[in-house]
Amino acid sequence: MSEPFSVRVTVRGYETDVQGHLNQAVYLNYAEHARWALLHEAGITQSVLAARGVGPVALETTIRYKRELLAGDEVDVSCAFAWSTGKTFRIEQVITKADGTVSAEITAVGGVLDLKLRKLVPSPQDIFRELAEEPGLFGL
């Protein structure tokens, strides 16, 4: 597994629900934001992916909510890739409050879609190695 990459996010008031805590769907937005920030840091942009004719896809996501987040809380959203053989990979993410309290754990299964064939590529890590200026950020 790669070393976790992390981005800081501040919970905004409009992201909270009637209970005053972060709406459940926003956790997915934070996770997605961290994944795209990692891709960008590694040199993989949406235009690079489109030019290559591929795109990352989410196949499964599990969220374990641990502690609530309130408006104004600052959190770090980590992102680490775990590779295996085959067409899929895992992404492990943790949302941690500034005081170290874990708010949520997110595990996703992803792949890379060939945009012309509309099928998963056989070896997604090869695509990441090919396109990334810094493949080490993905543990490659």
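Going by an unreviewed UniProt entry, the protein carries the name Acyl-CoA thioesterase and comes from Streptomyces incanus.

Section: the layout of surface pockets
In this model, the largest pocket occupies a volume close to 210 Å³. As for the largest pocket, its lining consists of 14 residues, and the residues nearest its centre are Glu32, Arg35, Pro56, Val57 and Ile91. Secondary-structure elements contributing two or more residues to the lining of the largest pocket are α1 (24-41), β2 (54-65), β4 (88-97) and β5 (102-114). No other element matches α1, which puts four residues into the lining of the largest pocket. Here the lining of the largest pocket is built from residues that sort into eleven nonpolar, one polar and two charged.

So, the nonpolar core
Judged by nonpolar contacts, the single largest core of 35 residues is most densely connected at Tyr30, Ile44, Val77, Phe81, Ile95, Phe128 and Phe138. Looking at this core, the elements that each hand over two or more residues are β1 (5-10), α1, β3 (74-83), β4, β5 and α3 (124-131). Broken down by element, the residue count for this core peaks at eight residues, all from α1. Residues within four places of isoleucine 44 in sequence aside, it is in contact with Leu39, Leu49, Phe128, Leu131, Ala132 and Phe138.

A word on α3
For α3, the complete set of buried residues consists of Pro124, Gln125, Ile127, Phe128 and Leu131. Projected onto a plane normal to the axis of α3, the buried residues spread over an arc of 155° and lie on a single side. Where the residues of α3 are buried, they touch α1, α2 (46-52), β2, β3, β4 and β5.

Re the packing of aromatic side chains
Counting across every chain of the model gives nine aromatic pairs. The interplanar angle of 65° and the centroid separation of 5.3 Å between the aromatic rings of tryptophan 83 and phenylalanine 128 together place this pair among those described as edge-to-face. Placement of the pair is tryptophan 83 in strand β3 and phenylalanine 128 in helix α3, with a sequence separation of 45 residues. Here phenylalanine 128 falls in the buried class, since its relative accessible area comes to 5%. Grouped by ring-pair contacts, the aromatic residues Phe81, Trp83, Phe89, Phe128 and Phe138 constitute a single cluster.

A word on α1
The end-to-end C-alpha distance of α1 is 27 Å, a good match for the 26 Å that 18 residues give at a rise of 1.5 Å each. When we look at burial in α1, the residues that qualify are Val26, Tyr27, Tyr30, Ala31, Ala34, Arg35, Ala37, Leu38 and Leu39. Packed against the buried residues of α1 are β1, β2, β3, β4, β5 and α3. At the N-terminal end of α1, a side-chain oxygen is found 2.9 Å from the backbone nitrogen of alanine 25, two or three residues along, and the residue is asparagine 23.

Section: the side chain of serine 78
Within the secondary structure, serine 78 is located in strand β3. Dropping the residues within four chain positions of it, serine 78 is found in contact with Pro4, Phe5, Ser6, Glu92, Gln93 and Val94.

Examining the environment of glycine 111
Position of glycine 111 relative to the elements: it lies in strand β5. By relative accessible area, glycine 111 is classed as buried at 0%. Expressed as a C-alpha distance, the spacing of glycine 111 and glutamate 74, which sit 37 residues apart in the sequence, is 30 Å. Residues contacting glycine 111, with those up to four places away along its chain left out, are Gly55, Pro56, Val57, Leu59, Lys87, Phe89 and Leu120.

Parameters and conventions
Residues numbered from 1 in each chain as written. Predicted model: local features only at pLDDT ≥ 70, side-chain atom pairs only at ≥ 80, totals over all residues. Heavy atoms only, no water. 1 Å grid on protein atoms, 1.4 Å probe; cavity = no way out; pocket = protein on both sides within 12 Å on 5 of 7 lines; lining within 4 Å. Points joined across faces, edges and corners; volume = space filled by probe spheres on them. Helix = DSSP H or I, 4+ residues; strand = E, 2+ residues; numbered from the N terminus. Nonpolar A, V, L, I, M, F, W, Y, C, P; charged D, E, K, R; others polar. Core = buried A, V, L, I, M, F, W, Y, C linked by side-chain atoms within 4.5 Å. Buried < 20%, exposed > 50% of the residue type's maximum accessible area, 1.4 Å probe, protein only. Contact = heavy atoms within 4.5 Å. Arc of directions from axis to C-beta. Phe/Tyr/Trp six-rings, centres within 6.5 Å; stacked < 30°, edge-to-face > 60°. Expected span 1.5 Å × (residues − 1). Polar contact = N/O pair within 3.5 Å; in protein donor to acceptor, adjacent residues only side chain to side chain.

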